Amino acid sequence: MPKTLKIDQHIFQDLVTFYSETFHLPPLAAKIYAYLLFDFEKKGISFDEFVEIFCASKSSVSSNISILLTMQLIQDFNKINERKRYFVVNDNFLKMRYTQIIERLSKELEILDSIQEFRGETDEKYRVYKELMTTNINNIKNSLSKL
């Protein structure tokens, strides 16, 4: 019998919907990720527990865990004297996600600067947009330094 986590069904469903849309996850991967968010003590959930909790085939659970591992949304570990792998949310994911956002925003600014340079002038809309992007980049960097 799996040690089921105490979850709020409404929050769980909101998380599943949000992560399905945000990360383009298949339904089972979104459910696994959402479920792991309720593992506040980071004890980990085993593969077999996922199979039983979600009444899914081993191959479905395996392929969806692989997706989450590849995306670095989750991590796996082994407990001492056990062969089972346990899965938890990757605590470094937020930092990685926002670092990628900074890189994309910075690259976009570089490209837009090139367009403005090619054009030979800068309009007011672009100045406002660039200021907004620069402010957001700096805010994210500042927040990341506190993590």
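Refer to the preceding data block for the structure.
Here goes a summary of the coordinates provided. (Residues numbered from 1 in each chain as written. Predicted model: local features only at pLDDT ≥ 70, side-chain atom pairs only at ≥ 80, totals over all residues. Heavy atoms only, no water.)

Our focus in this paragraph is the overall build of the protein. Scanning the protein for helices and strands turns up six helices and three strands. Taken from N to C terminus, the helices and strands of the protein fall in the order α-α-β-α-α-β-β-α-α. For the protein, the C-alpha radius of gyration of 20 Å lies well beyond 15 Å, the compact-globule estimate for 147 residues. Reported as C-alpha extents along the three principal axes, the dimensions of the protein are approximately 70 × 30 × 25 Å. Considering the protein as a whole, with its 147 residues, one finds that 33% of them fall into the buried category. Element-wise, carbon and sulfur atoms account for 54% of the exposed surface of the protein, whose accessible area totals about 9,900 Å². (Helix = DSSP H or I, 4+ residues; strand = E, 2+ residues; numbered from the N terminus. Rg over C-alpha atoms; globule rule 2.2 N^0.38 Å. Buried < 20%, exposed > 50% of the residue type's maximum accessible area, 1.4 Å probe, protein only. Areas by Shrake-Rupley, 256 points an atom, 1.4 Å probe, with all protein chains shown as cover.)

Further remarks concern the packing of aromatic side chains. Considering all chains together, one arrives at 10 aromatic pairs under this definition. The interplanar angle of 75° and the centroid separation of 6.5 Å between the aromatic rings of Tyr 35 and Phe 50 together place this pair among those described as edge-to-face. Of the two residues, Tyr 35 sits in helix 2 (residues 27-36) while Phe 50 sits in helix 3 (residues 47-53), which places them 15 residues apart along the sequence. Note on accessibility: Tyr 35 and Phe 50 belong to one class, buried. Between the aromatic rings of Tyr 35 and Phe 54, the centroid separation amounts to 5.7 Å while the plane-to-plane angle is 80°, which identifies the pairing as edge-to-face. Of the two residues, Tyr 35 sits in helix 2 while Phe 54 sits in the loop between helix 3 and helix 4 (58-70), which places them 19 residues apart along the sequence. Of the two residues, Tyr 35 and Phe 54, neither departs from the other in class, the shared state being buried. One aromatic cluster is present, built from ring pairs that chain together Phe 18, Tyr 19, Phe 23, Tyr 33 and Phe 93. A cation sits over an aromatic face here: Lys 79 above Tyr 86, 4.1 Å from the ring centre. (Phe/Tyr/Trp six-rings, centres within 6.5 Å; stacked < 30°, edge-to-face > 60°. Lys NZ or Arg CZ within 6 Å of the ring centre and 35° of its normal.)

Let's shift gears to unusual backbone geometry. Phi is positive for Gln 72, which is not a glycine, with a value near 65°. Its place among the elements puts Gln 72 in the loop between helix 4 and strand 2 (74-78). Unusually for a residue other than glycine, Asn 81 sits at a positive phi of about 65°. Following the sequence through the fold, Asn 81 ends up in the loop between strand 2 and strand 3 (85-89).

By the secondary structure assignment, Asp 39 is in the loop between helix 2 and strand 1 (45-46). Those residues within four positions of Asp 39 in sequence are excluded, and the remaining contacts are Leu 5, Gly 44, Ile 45, Phe 87 and Val 88. (Contact = heavy atoms within 4.5 Å.)

Our focus in this paragraph is the environment of Phe 40. Inspection of the secondary structure puts Phe 40 in the loop between helix 2 and strand 1. Taking the C-alpha atoms as reference points, Phe 40 and Val 88, 48 residues apart in sequence, are found 9.5 Å from one another.

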